[in-house]
Structures are given as C-alpha cells and as structure tokens.
Amino acid sequence: MKRRAEVVVIGAGAIGLGVAYELARRGVTDVVVVDRQHLNFGATARNGGGVRAQWTTKANIELARESIRRFDVLSQELGHNLFWRQGGYLFVARTDTQVEALERAVRFQNANGVGTRLIDPDEARSIVPALDVDGCGIKAGSYNPRDATLFPWPLVWGYHEQCTRMGVEVQPFTTVTDIVTHPETREVKAVVTDKGRIDCSWVVNATGSWTNDIGRMVGIELPIRPERHEILVTEPLKPFLRCMLVDMTTGLYASQSSRGEIVGGVAEQRTAITMDWASTLPFLTHMARTLTFLVPRMRHVPVLRQWAGSYDMTPDAKPIVEAHEEVPGYVTVAGFSGHGIMISPVSCEVVADLVMGRTPRFDVATMSSRRFTPGGPDVEEETLVIG
C-alpha cells in the first residue's frame, strides 16, 4: 500500500469508487481507496437498483436528471454491462390525498425539466396489465418513461477496473483507525489504517451509514443516521413488469430484472434505526401480502432470498456533499437516504471538482450540512422516499 497519496477515499462503494474514477478521469490518479470490507458489501450491493428523476426537491431532481444522462453511457465507458433499462417508474395513488400529492409532484417535476405525466387508472393498467387496478382502488398514477433500473454490482466492478487501470490504488479489507490533522490549522495530514499510515492532502468520507464513525476522528458529527430496510428476490418469471412499480400507500417498490426475477421491498411497519442486517419473517410476510394485493398473480411465486441494508438518512432526505472549512482537506459525501445509486454519477463529479478546487456545476450550498444549523440555507425536504 502507498505511504503517500494526494487523496484518500474511505469507502469503496459506488460513491467512493465513483469519486476516485471522476478524479482519475480529470488527471488526479494519485488516489488510494480503502474499505474495511470486500467490494459490494455495503449499501451499493443491497439496493433494488432503481434510478428515477421523480422527486419533489430541485436538488434531487437536478442530480438525478443529469445522472440518468451519465448512466446512458456508463456501461460502454466502464466496459461492464450495468443492465441499464429505461422502463420507467409508475407511482400509483389510492387515496385523494395521494392523488393531490402526485399532482403537485408532477407539476414540480415538469417545471424542472422532467417529463413526468399524471395518468388515469386505465393507463396504469396498460403499463402494468397484471396490476389489479380495480381491486386495489387505484385512483391515479404518475409515470416517467426515462426512469430506469440497473444492476448495482457491475457499477462497482467497472469503477474498480477503470480506476486501477488509470493508476488508482484500491485496498479492500483495510480499516481506518484514525485521521491525523495539523494541531493548529486542523488541515488533513494523514489517514492511519491497520495496514499502515498514508500521508495525504485530502480525505473523502464516502462510508454511508458509517459516516460519523469516520467523522468523529476529525471532530465532525453530522445529522446522518442508519435506517434499516429489507429487500427480496423471487424465482425468475416470464417478462411482465417492465417498469418499477411503486405503491404510495405502503411504500412498496418492485421491478423485474433482465433475468425475470422480481426484486422489491416495502416500507417496514416499524422503522428501525439500527445496523442489524438480519433477515426477518415479518418483512417477508408484509411484503408478500402487499405485493400480492397489488399483483395477485404473484401469490404462488417462490422467494429465492432476502436481505437487509441501511439507508444513511438525513433529516430532509437529501445528501450532504461538503468540503468542510473547519477541517481543510476533509470532504463528506453521504446521507443519500436510499437514493445514492440514483444520483451517484453527478454527486461524484461534484466531489472531484471540490477536491480539485473547481466550481461544481451544481449549487453545493444546498448540499452543505449548514442547512441544518440556525441561519443556514432553507431546508427543502424530500417527500418521495420509498422502501
């Protein structure tokens, strides 16, 4: 392992490796990425692979809209098939309140360059013929055909391969034990690991739900908390569900992979703030009842496996992307609240710009942790978090 690097990135998921890739693309290859686990251990490997621009805040919409454009070319760019498929997202509303919320969301998305449209029950049935529109009492829906799904693992493999090809060093199974800062200026000087010390000028914290474990090493604690979520996958079926189906009543989401499996999750009846990732029977029961209520043909489909992971939640469900003035050289990119993959390409570009001293093309003030302090920017809360 190198003993000196310009940048040390902590966390080798889609965000951490994505930051390293964007730095390397811009010519900054003196980078070491460390992770205490193997590749595809954390949140990147545990999500449903949905990518959408249907959001209710300008920041999330802008990041998602531009990230979708990057995903359009990333398979070819990285040399790995991401199984990128734009089948759209279909949100279904079953109450008048939900219909009103969708109407507001569609107007807002259209005003911000996202071509979502409000649809009636008949059109929802035409998009998903297996959906029990009448039995579920579906009143309306919103649909954006450019929303998509992908398989997250090849994204990590592709970033890893391209990073190492360009000279970035990636060190899994490497635990960070301390970050050394200057005693007076507090600027970053080194990262200490169980494999040795790496002197550096920049540290990028891309550890998701573990953000504060690293941040406390430099005296920074952020309003990020882990929130437990579960997910499952069924046996393969003949193709019948092209879009990602989302039920606003239960928070259920489900899509069909290119291999025919149904992949999905549902909002837990009691949200747990924990890093316990054990699978549970209550989730399986709740998911089965919810999904088969919407799509009755799923009643006799066997489940192959289920697993859990954590959203790194912020109070407004938007990420924190910040170069901290109080600790020069220390950058946080976390708090993605369940949609890190969706907005990862452009978020990583922003971090690369911050490290290189460039002005990002997005307003980083809206992504600063100062929005949670008195006198900070107004907090615009995201309301379309699912799962």
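Note that the structure is a prediction, hence the values are computed from the model and not measured. (Residues numbered from 1 in each chain as written. Predicted model: local features only at pLDDT ≥ 70, side-chain atom pairs only at ≥ 80, totals over all residues. Heavy atoms only, no water.)

Section: the side chain of asparagine 60
Where we set the bar: A helix here means a DSSP run of H or I that spans at least four residues, while a strand means a run of E at least two residues long, and both kinds are numbered starting from the N terminus. A simple rule labels every residue: compare its accessible area, found with a 1.4 Å probe on the protein chains alone, to the largest value its type can have, and call it buried under 20%, exposed over 50%, or partly exposed in between. In this description, contact between two residues means that some pair of their heavy atoms is separated by no more than 4.5 Å.
Relative to the helices and strands, asparagine 60 resides in helix α3 (residues 58-78). Classification of asparagine 60 by relative accessible area gives buried; the value is 0%. Ignoring anything within four residues of it in the chain, the contact list for asparagine 60 reads Trp55, Ala317, Lys318, Pro319, His339, Ile343 and Glu382.

Details of the sheet that holds strand β10 (residues 188-193)
As a reminder of what qualifies: Strand pairing is defined by DSSP finding a minimum of two bridges between the two strands. A fitted line through C-alpha atoms represents every axis, and for helices the fit uses only the stretch in contact; the resulting angles, taken between N-to-C directions, go from 0 to 180 degrees.
Ordered in space as β9-β10-β11, the three strands form an open sheet in which the pairing is antiparallel. Taken across any chain shown, the strands that pair with only one partner, and hence form the sheet edges, are β9 (176-181) and β11 (196-199). Between one strand axis and the next, the sheet turns through 20 degrees on average, direction left out of account. Relative to β11, β10 runs antiparallel, the two sharing four bridges.

Quick notes on the pattern of salt bridges
Put simply, the rule is: Salt bridges are identified by distance alone: a Lys or Arg side-chain nitrogen within 4 Å of an Asp or Glu carboxyl oxygen.
What the rule picks out here adds up to 29 salt bridges. Taking the shortest distance from any N to any O, the salt bridge between arginine 25 and glutamate 22 comes out at 2.9 Å. Taken together, the residues span about one helical turn, with arginine 25 and glutamate 22 both in helix α1 (residues 14-25) at a distance of three residues. Overall, the relative accessible area of 1% leaves glutamate 22 in the buried class. The salt bridge involving arginine 216 is made with glutamate 221; its shortest N-O contact spans 3.1 Å.

Focus: a nonpolar patch on the surface
Stated formally: Residues qualify for a patch when their relative accessible area is over 30% and they have no salt bridge, like charges being joined within 9 Å and the nonpolar side chains of Val, Leu, Ile, Met, Phe, Trp and Tyr within 5 Å. The protein chains shown are the only cover counted for residues, whose accessible areas, like all others here, come from Shrake-Rupley with a 1.4 Å probe.
Residues Phe83, Phe151, Trp153 and Trp157 make up a contiguous nonpolar surface patch of about 370 Å² in total accessible area. Residue placement: tryptophan 153 occurs in helix α7 (residues 152-165).

Thoughts on the nonpolar core
Basically, it comes down to this: What makes a nonpolar core is a set of buried Ala, Val, Leu, Ile, Met, Phe, Trp, Tyr and Cys residues whose side-chain atoms join them at distances within 4.5 Å. For every domain, the bounds stem from an assignment made automatically or drawn from a database.
Ranked by internal contacts, the top residues of the largest apolar core, which has 69 residues, are Val7, Val31, Val33, Phe71, Leu155 and Val204. Broken down by element, the residue count for this core peaks at eight residues, all from α1. Both of domain 1 (4-46 + 153-223 + 315-372) and domain 2 (87-146 + 225-313) provide at least three residues apiece to this core. With sequence-adjacent residues up to four places away left out, phenylalanine 71 is seen in contact with Val51, Leu82, Trp84, Leu150, Leu155, Ile341, Met342, Ser344 and Pro345.

A short note on unusual backbone geometry
For residues other than glycine, phi is negative in most cases, and the peptide bonds are mostly trans. With a phi angle near 60 degrees, asparagine 40 is a residue other than glycine that sits in the positive phi range. Assignment of secondary structure puts asparagine 40 in the loop between β2 (31-34) and α2 (43-46). The exposure class of asparagine 40 is buried, given its relative accessible area of 10%. With a phi close to 60 degrees, serine 337 is a non-glycine residue in the positive phi region. Examined against the element boundaries, serine 337 turns out to sit in the loop between β19 (330-334) and α10 (344-355).

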